[in-house]
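A closer look at the structure
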Amino acid sequence: VQLQASGGGLVQAGDSLRLSCAASGRTFVGYSIGWFRQAPGKEREFVAAIRWSGGNTYYADSVKGRFTISRDFAVNTQLYLQMNSLKPEDTAVYYCAIGSPITSAIMREASYNYWGQGTQVTVSS
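What counts and how
Residues numbered from 1 in each chain as written. Predicted model: local features only at pLDDT ≥ 70, side-chain atom pairs only at ≥ 80, totals over all residues. Heavy atoms only, no water. Helix = DSSP H or I, 4+ residues; strand = E, 2+ residues; numbered from the N terminus. Rg over C-alpha atoms; globule rule 2.2 N^0.38 Å. Pairing = 2+ DSSP bridges. Axes fitted to C-alpha atoms, helices over the stretch in contact; angles between N-to-C directions. Buried < 20%, exposed > 50% of the residue type's maximum accessible area, 1.4 Å probe, protein only. Phe/Tyr/Trp six-rings, centres within 6.5 Å; stacked < 30°, edge-to-face > 60°. Contact = heavy atoms within 4.5 Å. pLDDT = per-residue confidence, 0-100.

Of the regular secondary structure elements, the protein holds 0 helices and 11 strands. Along its sequence from the N terminus, the protein presents helices and strands in the succession β-β-β-β-β-β-β-β-β-β-β. In terms of overall dimensions, the protein is globule-like: its C-alpha atoms have a radius of gyration of 13 Å, near the 14 Å expected for 125 residues. In terms of principal-axis extent, the alpha carbons of the protein reach across some 40 × 30 × 25 Å.

This paragraph deals with the sheet that holds strand β8 (residues 78-83). The strands making up a sheet associate through backbone hydrogen bonding, with each pair oriented either parallel or antiparallel. Strands sit in the order β1-β3-β8-β7 across an open sheet of 4 strands; the sheet is antiparallel. The two strands at the open ends of the sheet, each matched to only one other strand, are β1 (2-6) and β7 (67-72). Mean inter-strand twist for the sheet, computed between neighbouring axes without regard to direction, equals 15 degrees. With 6 bridges joining them, β7 and β8 adopt antiparallel strand pairing. Of the residues in β8, the one forming a bridge with I69 is L81.

It is a general feature of regular strands that their side chains alternate between the two faces of the sheet. The buried count for strand β9 (residues 92-99) comes to 7 of 8 residues, which makes it a mostly enclosed element. Pairing between strand β4 (residues 32-38) and β9: 7 bridges, direction antiparallel. Bridge pairing in β9 places Q38 opposite V93. Here 3 bridges tie β9 to strand β10 (residues 112-115), and the two strands are oriented antiparallel to one another. Paired with G99 across the bridge in β10 is Y112.

The geometry of an aromatic ring pair comes down to the distance between the two centres and the angle between the two planes. Across all of its chains, the model carries 4 aromatic pairs by this definition. Relative to F46, the ring of F36 has its centre 5.6 Å away and its plane inclined at 80 degrees; by these criteria the two rings are edge-to-face. With F36 in strand β4 and F46 in strand β5 (residues 45-51), the pair connects residues that are 10 residues apart, well separated along the chain. In this pair, the class of F36 matches that of F46, namely buried. When the centroid spacing of 6.4 Å and the interplanar angle of 65 degrees are considered together, the rings of Y112 and W115 count as edge-to-face. Residue classification places Y112 among the buried residues on the basis of a relative accessible area of 4%. What makes W115 partly exposed here is its relative accessible area of 26%. Among the aromatic residues, ring-to-ring pairing joins F36, F46, Y112 and W115 into one connected group.

Looking at where A39 falls in the secondary structure, it is placed in the loop between β4 and β5. Here the alpha-carbon distance between A39 and W115, two residues 76 residues apart in the chain, equals 17 Å. Apart from the residues lying within four places of it in its own chain, the contact partners of A39 are T91 and A92.

Here we come to the confidence of the model for the protein. Note: predicted coordinates in regions of low pLDDT should not be interpreted at a detailed level. Per-residue confidence for the protein averages 91 on the pLDDT scale, and 97% of its residues sit at or above 70. The secondary structure element of the protein with the lowest average pLDDT is β7, at 91, and the one with the highest is strand β11 (residues 119-124), at 98.

Here it is in structure tokens:
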């Protein structure tokens with residue numbers, strides 16, 4: 001399984017960014033794909049996840065209403081994280097990951113087996 005994250009950059013508070021994650025190497029039916037982030041000096045934390053089949057979505061409270069996770073079957077296998085109304089506290093390296101967690105564990109890092117390399121998002125005030 002390979003995951004390639006992209007789309008990070010330097011933006012100002014209030015701006016938007018869309019992160020992409022290209023996934024390949026297996027079928028993802030029954031799996032979930034998530035976004036996590038790690039800010040300097042902090043532990044990696046859950047941001048959002050989506051069930052590949054059915055499309056159920058899950059969000060951290062800190063991003064609800066501002067971030068939207070989606071997937072696209074049409075061209076390759078793409079996962080997106082649309083980030084609106086960005087805040088300086090959203091600054092982090094963002095990682096996409098694949099796993100098969102039960103719903104109660106979908107926010108747990110340990111539930112995900114495969115990880116992308118990360119993309120830096122920096123939000124200036």
